[in-house]
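Each chain, letter by letter, is given below.
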Amino acid sequence: MINTVLLVFAVLLCFSVAYPWARWLLTTPYRQQTQRPDDPMLTVCLTIALSVGLVTVIMLVWAAVLQSPLSFWLVTIPALLLHALGWWVWLRVARRLPPVDTAGRTWWRRPLPLLAMGLIALIILGVLFDAAYWPFRDVDTLSIYAPIALRFVYSGQFIAAPTYGSYPVLVPLTFSYLHLANGAANEYMSRFVIAALSLVSVGGAYLLGRDLFNRRVGITAAFLFITSPIILRWSTAAYTDLPAAAYYVLAAFFAWRLYTSPHPIYALLTGLLASLAAFSKNGALLLAGSLVGWVIYSYWARWRNPPSSGEAISKQHILLMLIGYLPLVALWYGHAWLAYGWVIPPTGWTDKAIRTLPNLLTPMRQVGNFSIAGVLSVIAWPLLLAQLWRTRWHFDARVVLLFGFTIPFWLVWWWLFSYDPRFLVMIWALMSVAAGWLAVSAHDLLPARAKPALNFVLPLLLVAIAAPALFQAVEHKNELLKTPLISEEDRLRLYVHEGFDVVFWLEENTSPDDGVLVTEYWQPYYVAKTHPNTLFCYSPRVCADMLSDYAYWVVRSNVDVSPWLESGAIEPVFSAGGRTIYRLVDVSALPEVDG
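The present account deals with the structure reproduced in this document. (Residues numbered from 1 in each chain as written. Predicted model: local features only at pLDDT ≥ 70, side-chain atom pairs only at ≥ 80, totals over all residues. Heavy atoms only, no water.)

Quick word on the overall build of the chain
Note the threshold: Per the convention used, a helix needs a DSSP run of H or I reaching at least four residues, while a strand needs a run of E reaching at least two, with both numbered from the N terminus. Every radius of gyration here is taken over C-alpha atoms, with the globule rule written as 2.2 Å times N^0.38, N being the number of residues. Burial here depends on accessible area, computed with a 1.4 Å probe over protein chains only, as a share of the maximum for the residue type. Under 20% is buried, over 50% is exposed, and the range in between is partly exposed. Throughout, a contact is declared for two residues whenever any of their heavy atoms are within 4.5 Å. Per-residue and other accessible areas were derived by the Shrake-Rupley procedure at a 1.4 Å probe size, with only the shown protein chains allowed to occlude residues. When charges are counted, neither His nor the chain ends are considered; positive counts come from Lys and Arg and negative counts from Asp and Glu. Lysine's charge is taken at NZ, arginine's at CZ, aspartate's at CG and glutamate's at CD.
A count of helical and extended segments in the chain gives 27 helices and seven strands. Here the C-alpha radius of gyration of the chain, 26 Å, is about what a compact globule of 595 residues would show, namely 25 Å. The C-alpha extent of the chain, read off along each of the three principal axes, is 85 × 50 × 45 Å. Looking at the chain as a whole, 54% of its 595 residues qualify as buried. Intrachain contacts of the chain at a sequence separation of at least 6 include 74% that bridge at least 24 residues. Within the structure as shown, the chain displays about 25,200 Å² of accessible surface, and the carbon and sulfur contribution to it stands at 65%. A gap of 21 Å separates the mean positions of the 39 positive and 34 negative side-chain charges of the chain.

A word on the pairing of strand 7 (residues 579-584)
Spelled out, the test is: In this scheme, strands are said to pair when DSSP sees at least two bridges between them.
The buried count for strand 7 comes to five of six residues, which makes it a mostly enclosed element. By the bridge criterion, six bridges tie strand 6 (residues 570-576) to strand 7 in an arrangement that is antiparallel. Directly across from F574, in strand 7, lies its bridge partner I581.

Describing the side chain of S190
As a reminder of what qualifies: Under the rule applied, a polar contact is a pair of N or O atoms within 3.5 Å (in protein, one hydrogen donor and one hydrogen acceptor; residues adjacent in sequence only if both atoms are side-chain atoms).
With respect to the element layout, S190 can be found in helix 9 (residues 187-212). S190 gets classed as buried once you look at its relative accessible area, which sits at 0%. Among the polar contacts made by the side chain of S190, one reaches the main-chain carbonyl oxygen of N186 at a distance of 2.7 Å. Setting aside chain neighbours within four positions, we find S190 in contact with F136, F175, L178 and H179.

Description of the sheet that holds strand 5 (residues 552-556)
Pairing between the strands of a sheet comes from backbone hydrogen bonds, and it takes one of two forms, parallel or antiparallel. Using the following cut-off: Each axis is a line fitted through C-alpha atoms, and for a helix only the stretch in contact is used; angles between axes span 0 to 180 degrees, taken between their N-to-C directions.
Strand order in the open sheet formed by five strands is 4-3-5-7-6, and the pairing between neighbours is mixed. One side of each edge strand has no neighbouring strand; the edge strands of this open sheet are strand 4 (534-536) and strand 6. Pairs of neighbouring strands in the sheet enclose a mean axial angle of 25°, with direction left out of account. Of the pairings in the sheet, the one linking strand 3 (residues 516-518) to strand 4 comprises three bridges and is parallel in character. Note on strand 4: the bridge partner recorded for V518 is F536. On top of the sheet, helix 24 (residues 501-509) reaches strand 3, strand 5, strand 6 and strand 7; it is set at about 120° to strand 6, its chief contact.

A few points about a nonpolar patch on the surface
As a reminder, the rule being used: Candidate patch residues must exceed 30% relative accessible area and have no salt bridge, after which like charges are joined if within 9 Å and Val, Leu, Ile, Met, Phe, Trp or Tyr side chains if within 5 Å. In what follows, salt bridge is the name for a side-chain nitrogen of Lys or Arg lying within 4 Å of a carboxyl oxygen of Asp or Glu.
Taken together, the side chains of V61, V65, L66 and L331 define a hydrophobic patch exposed on the protein surface, amounting to about 310 Å² of accessible area. Top element by residues in the nonpolar patch is helix 3 (residues 40-66). It accounts for three residues. Among the secondary structure elements, V65 is positioned in helix 3.

Things to note about the packing of helix 1 (residues 2-16) against helix 9
This is how the line gets drawn: Relative orientations are named as follows: roughly parallel for angles under 35 degrees, roughly antiparallel for angles over 145 degrees, roughly perpendicular for angles from 65 to 115 degrees, and oblique for any other angle. Two helices that cross are described as forming a left-handed crossing if the nearer one is turned anticlockwise from the farther one by less than a right angle, and a right-handed crossing if clockwise. Residues are grouped as follows: Ala, Val, Leu, Ile, Met, Phe, Trp, Tyr, Cys and Pro are nonpolar; Asp, Glu, Lys and Arg are charged; every other residue, Gly included, is polar.
Closest axis-to-axis distance for the helix 1/helix 9 pair is 11 Å, and the angle between their directions is 15°. Here helix 9 runs roughly parallel to helix 1, going by the angle between their axes. Relative to helix 9, helix 1 is oriented so that their crossing is right-handed. In this structure, helix 1 uses L7, V11, C14 and F15 to contact helix 9, whose residues at the interface are M189, F192, V193 and A196. Of the residues belonging to the contact of helix 1 with helix 9, the class tally is eight nonpolar, no polar and no charged.

A closer look at helix 1
Using the following cut-off: Under the convention used throughout, the expected extent of a helix is 1.5 Å for every residue step, that is, one less than its residue count.
Over its 15 residues, helix 1 runs 21 Å from end to end, which matches the ideal 21 Å to within 8%, given 1.5 Å per residue. When helix 1 is considered as a whole, its buried residues turn out to be L6, L7, A10, V11, L13, C14 and F15. Tucked inside the fold, the buried residues of helix 1 contact helix 3, helix 4 (72-94), helix 8 (170-182) and helix 9.

Looking at the environment of A473
Here A473 is to be found in helix 21 (residues 451-473). Here the alpha-carbon distance between A473 and K315, two residues 158 residues apart in the chain, equals 46 Å. What A473 contacts, discounting residues up to four positions off in sequence, is I123, G126, V127 and D130.

Here's the deal with helix 9
Taking 1.5 Å as the rise per residue, helix 9 with 26 residues should run 38 Å; its terminal C-alpha atoms sit 38 Å apart, in good agreement. The residue sitting at the N-terminus of helix 9 and contributing the capping side-chain oxygen is N186; that oxygen lies 3.2 Å from the backbone nitrogen of Y188.

Some details on unusual backbone geometry
Note: most residues except glycine have negative phi, and most peptide bonds are trans. You will see that Q67, though not glycine, has its phi angle at about 55°, which is positive. Relative to the helices and strands, Q67 is located in the loop between helix 3 and helix 4. The phi dihedral of A238 is positive, around 60°, even though this residue is not glycine. Locating A238 in the fold gives a position in the loop between helix 11 (229-235) and helix 12 (241-260).

A closer look at the environment of A466
With respect to the helices and strands, the residue A466 is situated in helix 21. What makes A466 buried here is its relative accessible area of 0%. For the pair A466 and V503, spaced 37 residues apart in sequence, the C-alpha separation works out to 39 Å. Once you skip the residues sitting within four places of it in the chain, A466 turns out to touch L119, I123, F223 and T227.

Laid out in structure tokens, this is it:
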């Protein structure tokens, strides 16, 4: 019971520990004004983003200092102290703040925005339910991120294969914190917290579209983003792409705020969110180049000095961006360089990249992944380029920001990583803003006589686009309807793999101190839950060289292990679901096997 309470507390902490700091950061720029905006969406998004970041950075610092396993309270107490300090700072400032501007509070009561937001909320609820109900299932989660998290719980260090040990660890550290709270591995709440962080991208798409253009573009962008099948597919996978995307779009949002309303707080937040993006996935390092380009554009815009231009980003702002960005990035990537000899590991299959023009248009061509947002976003870019040409004496800053934070990443993806459209989700919120701008602009260009008919069709269109997304948001619906309270064992068998009975046998019939060799991607995490000394080894031929250090060996039943069986080195003890568990009998009898 106590572990359940601590787990719920840990989840709430991951969502709210930075709340007073978010309030303080967002209101400080308005202290000298007569009114301040009422922006609950921005507060929620920034709170979740900073809260997960705060907890994981505390864990990273302790890991660097202690070199030993962490406890739940060793992480939680500093987080709570920082939370209390945030309240002290916020309450002191709140008394001197101007009143909230309530003029725009009723905009959402109109039928179409209300319908769109209702559909977005339903899809989000479906995603969060799916994340909390089903266990881990994807390759990289089970073979990389989840094992790193478990080994961090056991050792307090980032133990993994050399190439994967240098991956950014915000997601695995989040898993680790929830495991520490639960007293054992808990993949359900791990998926839930990472899914919630991923869905911050929905709010980010809305906020960026709203501030760049108008509220209709923001709502349209959020709707197009969350109804994209590729987003729904990866939002519950507990991968790193969408958490990084949440930080990416928020960094772009505050870069825009810094340009239009230069303030030190916005500079600090821009750098901090960019660093958390890089702490989530190394592809987000490209964001640093976009920020440099944005600063250069700001100085150029001031030099041109058109009436619509914002003020330049000052040297003080650049320094604050660096203060927000460099410490975390230097700590993690410096560790990667010293430990492994590289900043970004050579794990990308760049030789498989498809550098053709049709593949550059993947969002439009893969409707099954990107839906209508993919078509609209690709069409939008030539039109936005035309907008740049029309404003060439000063260049429309809104379009410059979209281009600067999207196109470089898109081109790098096309040149090096276009074998997998998943990597595009990091910029999909910005792509959705471009798609939303196109949809709203097309609507505004229609003649007035067409508007009544369109106002009747649009609600039906929204429902038609959202219906497949609602259906996709929750998986294994038939099984849920048949057995809503399906047991955890049956969930694991259904969702992960049919061969899961070998894991149950090891739990019930072997000692936690027994070492286990496994040869399938989904086994390391589940076996390591009860057997810390677990090694993932792709090939039985390679694993054979390591058998002397382990007590059991899990191999697919169709793999030829006759040399080891005939030598008497191993013996089968259990078979189920096409997998066989072998026990090591005689180390001295292990034969040498070529290959």
